[in-house]
Amino acid sequence: MPVVPAARRLGIAASNLSPGIHPDDVHLMQFLQDKGIEPIPANWNDPQVDWSVFDAILIRTTWDYFQQYAQFLAWLAQIEQLGIPTINPLRLLRWNSDKRYLLQLRQHGVDIIPTQVMGAAELSNALGPMRGTDVVIKPTVSGTAWHTVRGTAGSPTLNAAICELPRHMDYLIQPFMPEIEREGELSLLFFDNVFSHAVRKRPAANDYRVQSEFGGSVEIVTPDATVVAAAQRSLLAVAQLGYEDGSYARIDGVLSAGRFLIMEVEMIEPALYFEGDAAAAQRFADVIERRLSLLRPLSLLA
């Protein structure tokens, strides 16, 4: 009588901020179950979780990691010590957790929004040559507009906001891109470096933040081939930096003067926008199945 292999147990790393399976991932979880993969959500910052029971861990809604960054890095070290593979790999997660990676991508020929990285004490001096420019300042380790300020360089209002920023952090300084208010921000999703689908995110009226928490909206779009090619070049640069083994990525950017400028290459816990696109969820489930077969072949689980 043949031995029926046990279901592979896939830990779905969530958080206290967003526990369980997010509604956007419901299609994905069903497709995984159909493949004999048991998705089990667990909060990354729950000390009671025994991560050793999983065959692999998929990072999904760890949306508070940047607020507990030292703890998050310690958790990654714990997973590494246990020998549990993660999707995406641990070294890629660590690299991608600090947005100063944008400077490395620029060195590899990627068009990014002009970016400087400064310590909190250096911000005022760095903004001197930009006086009168509309700028955005945000931590290098951040998300969801956390500790993010926008204003006119040199203005008393922005100077006061800078004084309120945590002093122990490093920050990105970028010119604000007015195209975000006019046309929105594009997000392109890739699985195993193959383009899957894209969305346009728009801010609410009188705001610049595209996140849903601030009233932003999302629509599925078909990007121009030149935009897809620009996003793919950013992934090629990631590979040239030695991180060629990513399973998923969301490339955020904005069209400006005919160029797609990269704002972020999100390879940790991006929203994947599956809720209105079950076929995209199926594509990612196929990628996860292939990765699991390489990481923990079924023959080892029988």
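Predicted model, so just to flag it, every value in this text is computed and none were measured.

A. The arrangement of empty space enclosed by the protein in detail. All told, the structure shown has two cavities of 30 Å³ or more when counted by the stated rule. Of the voids in this model, the largest cavity is the one considered here, and its volume is about 40 Å³. Lining the largest cavity are N193, L235, V238, A239, Y243, E244, G246 and M267. Residues of the lining of the largest cavity, tallied by class, amount to five nonpolar, two polar and one charged. Considering only enclosed or pocket space, the second largest cavity measures out at about 30 Å³ in volume. Forming the boundary of the second largest cavity are F190, D192, N193, L235, G246, S247, Y248, A249 and M267. Here the residues of the lining of the second largest cavity sort into five nonpolar, three polar and one charged.

B. Geometry of the layout of surface pockets. Here the second largest pocket is characterised by a volume of approximately 170 Å³. If you trace the second largest pocket, you find 13 residues lining it, with Y69, V141, H168, M169 and D170 closest to the centre. For the lining of the second largest pocket, a count of residues per class yields six nonpolar, four polar and three charged.

C. Local environment of helix α9 (residues 278–295). The terminal C-alpha atoms of α9 lie 25 Å apart, and with 18 residues this matches the ideal 26 Å at 1.5 Å per residue to within 8%. When α9 is considered as a whole, its buried residues turn out to be A280, A281, F284, A285, V287, I288, R291 and L292. One side of α9 carries all its buried residues, which in axial view fall inside an arc of 165°.

D. Representation of the pattern of salt bridges. Counted according to the given criterion, the structure contains 20 salt bridges. For E38, the salt bridge is made with R9, and the minimal N-O distance between the two is 3.8 Å. Linking E38 in strand β2 (residues 37–43) with R9 in strand β1 (residues 8–14), this pair joins segments that are 29 residues apart in sequence. Residue class for E38 comes out partly exposed when judged on its relative accessible area of 37%.

The rules behind these values
One numbering rule holds for all chains: residues counted from 1, following each sequence as written. In keeping with the predicted nature of the model, local features appear solely for residues at pLDDT of at least 70, side-chain atom pairs appear and are counted solely at 80 or more, and the whole-chain, interface and lining totals rest on all residues. The side-chain figures draw on all heavy atoms in the structure; neither hydrogens nor water molecules are used. A cavity, in this analysis, means grid points on a 1 Å lattice covering only the protein atoms where a 1.4 Å probe fits yet has no way out; a pocket is instead an open set bounded by protein on both sides within 12 Å along at least five of seven lines, and a residue lines either one if it has an atom within 4 Å of a point. Grid points are joined across faces, edges and corners, and a volume is the space filled by probe spheres set on the points. Three residue categories are used. Nonpolar comprises Ala, Val, Leu, Ile, Met, Phe, Trp, Tyr, Cys and Pro, charged comprises Asp, Glu, Lys and Arg, and polar comprises the others, including Gly. Helix and strand assignments follow DSSP, with helices taken as H or I runs no shorter than four residues and strands as E runs no shorter than two, numbered in order from the N terminus. Helices are assigned an expected span. That span is 1.5 Å times one less than the residue count. Only protein chains enter the area calculation, which uses a 1.4 Å probe; residues under 20% of their type maximum are buried, those over 50% are exposed, and those in between are partly exposed. Of all possible arcs, the one meant is that of the directions from the helix axis to the C-beta atoms. Within this document, salt bridges are pairs made up of a side-chain nitrogen of Lys or Arg and a carboxyl oxygen of Asp or Glu, the two lying within 4 Å of each other.

These results come straight from atomic positions and should not be treated as a statement about function.
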